[in-house]
Amino acid sequence: MKPLLLLAILGLFAACSSNPEDTQKGAAVEDRTGTQALSGSNAGSQSSALSGSSLQGSALNNGSVGTSSNSLSGSAGGNAAIGQGQYGLSSALRDPGNLLSKRSVYYEYDSFLVRDEFKAIVEAHVRYLMSNPAARLRLEGNTDERGSREYNLALGQKRSDALKRMMVLMGVPEARIDSVSFGEERPRVEGASEGAYAQNRRSDIAYVGE
């Protein structure tokens, strides 16, 4: 029994003298490994990932958000411009100093050709129509009293149709423009003088619902 007891006591002392040191060494190695991993590659990866995320966030702030902000500013600016345009142009329709208040295109005798001097007026009304999609036009062709009633009705229609074709070529949808003829029935100036005839050879630009 004594040899066995002695061996057991020696084994106990050996275990007590070796385990704490091994445990401390193991703990120290484990801690150093963890520290190195955190401050080394993993820390670098995490730092890089964090920096990457920050950079991406910065890029998002400078890019996508900036773009959205610019888009919003652009949209707001566009809406403001449209709103201002609608208000200003509607007022301009009745402003004697604005081309939009000019509502007649005049023709030479027995002609339906739109003269160059009236093209700026036509372009102004085209711009108005393009900026105001709900607006519609009625082009009314007129003639002086010379010629038969039938002939003047046909000539008045040619005049309003020619003006309509010009506006359509400039971009206005055809469905938004009606063209009619009153022939000699609606003279602007009564009389048989050349001055009166010149005022009556015309196409009038009328806005539907105005």
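Keep in mind that what you see is a predicted model, and the values were worked out from it rather than measured.

Draft legend 1. Spotlight on the overall build of the protein chain. Within the protein chain, the secondary structure is distributed over six helices and four strands. If you list the helices and strands of the protein chain from N to C, you get α-α-α-β-α-β-α-β-α-β. Excluding contacts between residues fewer than 6 apart, the proportion of contacts in the protein chain whose partners are at least 24 apart in sequence is 70%. For the protein chain, the exposed area adds up to about 13200 Å²; of that, 59% sits on carbon and sulfur atoms.

Draft legend 2. Structural view of the nonpolar core. Within the largest apolar cluster, 24 residues are counted, with the highest numbers of intra-cluster contacts made by Leu137, Leu163, Met167 and Tyr207. Looking at this core, the elements with two or more residues in it are strand E1 (104-106), helix H4 (119-131), strand E2 (137-142), helix H5 (149-169) and strand E4 (202-207).

Draft legend 3. Molecular detail of the sheet that holds E4. The strand order across the open sheet built from four strands is E1-E4-E2-E3, with neighbouring strands paired in mixed fashion. Every other strand in the sheet has two partners, leaving E1 and strand E3 (177-183) as the edge strands with one partner each. Between one strand axis and the next, the sheet turns by 20° as a mean value, whatever way the strands run. Where E1 and E4 come together, three bridges link them in antiparallel fashion. Of the residues in E4, the one forming a bridge with Tyr106 is Arg202.

Draft legend 4. Representation of the packing of aromatic side chains in the model. Taken as a whole and assessed by the stated rule, the structure comprises two aromatic pairs. With 5.8 Å between their ring centres and 50° between their planes, Tyr106 and Phe118 make a pair best called tilted. Of the two residues, Tyr106 sits in strand E1 while Phe118 sits in the loop between E1 and H4, which places them twelve residues apart along the sequence. Ring geometry for Tyr128 and Tyr207: centres 5.1 Å apart, planes at 85°, overall edge-to-face. Taken together, the positions of Tyr128 in helix H4 and Tyr207 in strand E4 put the pair 79 residues apart, joining distant regions of the chain. On the accessibility criterion, Tyr128 (7% relative accessible area) is buried.

Rules of the game
- Residues numbered from 1 in each chain as written.
- Predicted model: local features only at pLDDT ≥ 70, side-chain atom pairs only at ≥ 80, totals over all residues.
- Heavy atoms only, no water.
- Helix = DSSP H or I, 4+ residues; strand = E, 2+ residues; numbered from the N terminus.
- Contact = heavy atoms within 4.5 Å.
- Areas by Shrake-Rupley, 256 points an atom, 1.4 Å probe, with all protein chains shown as cover.
- Core = buried A, V, L, I, M, F, W, Y, C linked by side-chain atoms within 4.5 Å.
- Buried < 20%, exposed > 50% of the residue type's maximum accessible area, 1.4 Å probe, protein only.
- Pairing = 2+ DSSP bridges.
- Axes fitted to C-alpha atoms, helices over the stretch in contact; angles between N-to-C directions.
- Phe/Tyr/Trp six-rings, centres within 6.5 Å; stacked < 30°, edge-to-face > 60°.

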